[in-house]
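Chain by chain, the residues run as shown.
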Amino acid sequence: MDLRIFTEPQQGATYDTLLAVAKATEDLGFDAFFRSDHYLRMGDADGLPGPTDAWITLAGLARETRRIRLGTLMTAATFRLPGVLAVQVAQVDQMSGGRVELGLGAGWFEAEHAAYGIPFPKDKFDRLEEQLAIVTGLWATEAGKTFDFRGKHYELVDSPALPKPAQAKIPVLVGGHGPTRTPRLAAQYADEFNIPFASVEDSERQFGRVRSAADAAGRGADDLICSNALVVCVGRDDAEVARRAAAIGRGVDELKANGLAGSPAEVVDKIGRYAGIGSRRIYLQILDLTDLDHLELISSQVQSQLS
């Protein structure tokens, strides 16, 4: 089971804060640092000092880390044109020496689009499907050849399909709870399927749909990684768990029901339940980015037991 650190910087974080978390992620032996792609805070957080752009952040971290994978859960297809996104991600992959992964989703948070003048189309899923085809098609085009695409929303003519990423293939993540189209897109385009904030039971059902779609697409049973994203709140004792829960404005019982919360032993046990249904990777949603001791505890008393 891989453990990855997943941050939500729109809730309030500077680049320096994210850099400190990324370096701790690397030093403590976690597999990857991922971040959300949002421009507006959610809930009661103040969001100060303001949003940071996902791919600008990852470009910086690409030069200031050496081992960890870097990526997004999920880049919003509404934020960027697919040709430009392919260039951006390929460049960051080069800057990192081949450590980038792209999570690409349809986009959903209408308020942030209104706040920053970003169009919020009704047919977001159709656009996502075309973006997946274009981004992966550009990267897969042989050097010296051109790429063309004509869809309902995007048209590319004689694209040189450059630059190329450092990796032979950048891993692509598709995720969500949709019962039909989401599994099909994952089976067609993704290397990994991620379900966010879902119970073991709901995850098992969705993983089953994804595996069925992959089988229908002629892919092998182990060809598509299944993963979860879950909020995490670990403490050495009940008081420490309660303190960390209060720091993120959540209740302990709710966190235990809907995430990975409690003592290291409790969290290891619950991760084991996800592993039992075929989850191979957990993205640990860290909401208090100033609490690096939390990462150290997870590394020393949770991750160590999983390896």
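Presented here is a report on the structure given in the accompanying data block. Only a predicted model underlies this, so the values are computations on that prediction, with no experimental measurement involved.

Side note on the nonpolar core
- Counting 75 residues, the largest nonpolar core has Phe-33, Trp-55, Trp-139, Leu-284 and Ile-298 as its most contacted members.
- Take this core: its biggest share by element is 7 residues, from helix α5 (residues 124–140).
- Dropping the residues within four chain positions of it, Ile-298 is found in contact with Leu-3, Phe-30, Val-232, Val-234, Leu-284, Ile-286 and Gln-303.

Remarks on the environment of Asp-238
- Its place among the elements puts Asp-238 in helix α8 (residues 238–247).
- Residue classification places Asp-238 among the exposed positions, given a relative accessible area of 65%.
- The spacing of Asp-238 and Val-267 is 29 residues in sequence and 13 Å in space, taken between C-alpha atoms.

Some words on the pairing of strand β8 (residues 172–175)
- Here strand β5 (residues 100–105) pairs with β8 via 2 bridges, running parallel. Along β8, the bridge assignment pairs Leu-102 with Val-172.
- Here 3 bridges tie β8 to strand β9 (residues 192–196), and the two strands are oriented parallel to one another. Paired with Leu-173 across the strands is Glu-192, a residue of β9.
- In this fold, the crossover linking β8 to β9 by way of helix α6 (residues 181–189) has right-handed handedness.

Describing the packing of helix α1 (residues 15–27) against helix α2 (residues 54–64)
- Where α1 meets α2, the axes come as close as 10 Å, and the angle between the chain directions of the two elements is 45°. Here α2 runs oblique to α1, going by the angle between their axes. Crossing hand, α1 versus α2: right-handed. Residues Tyr-15, Leu-18, Leu-19, Ala-22 and Lys-23 of α1 form the contact with α2, whose own contacting residues are Thr-57, Gly-60, Leu-61 and Glu-64.
- Of the residues belonging to the contact of α1 with α2, the class tally is 5 nonpolar, 2 polar and 2 charged.

What to know about the pattern of salt bridges
- Across all of its chains, the model carries 24 salt bridges by this definition.
- A salt bridge links Glu-129 to Arg-184, with the nearest nitrogen and oxygen atoms 3.0 Å apart. Of this pair, Glu-129 sits in helix α5 while Arg-184 sits in helix α6; the two residues are 55 residues apart in sequence, bridging distant segments of the chain.
- Take Glu-129: its relative accessible area is 17%, and that puts it in the buried class.
- By relative accessible area, which is 34% here, Arg-184 ends up partly exposed.
- The structure contains a network of salt bridges with shared partners spanning Arg-236, Glu-240, Arg-243, Arg-244, Asp-291 and Glu-296.

Calculation criteria
Residues numbered from 1 in each chain as written. Predicted model: local features only at pLDDT ≥ 70, side-chain atom pairs only at ≥ 80, totals over all residues. Heavy atoms only, no water. Core = buried A, V, L, I, M, F, W, Y, C linked by side-chain atoms within 4.5 Å. Buried < 20%, exposed > 50% of the residue type's maximum accessible area, 1.4 Å probe, protein only. Helix = DSSP H or I, 4+ residues; strand = E, 2+ residues; numbered from the N terminus. Contact = heavy atoms within 4.5 Å. Pairing = 2+ DSSP bridges. Right-handed = clockwise from strand over helix to strand, strands pointing away. Axes fitted to C-alpha atoms, helices over the stretch in contact; angles between N-to-C directions. Parallel < 35°, antiparallel > 145°, perpendicular 65-115°, else oblique. Left-handed = near helix turned anticlockwise from the far one by under 90°. Nonpolar A, V, L, I, M, F, W, Y, C, P; charged D, E, K, R; others polar. Salt bridge = Lys/Arg side-chain N within 4 Å of Asp/Glu carboxyl O.

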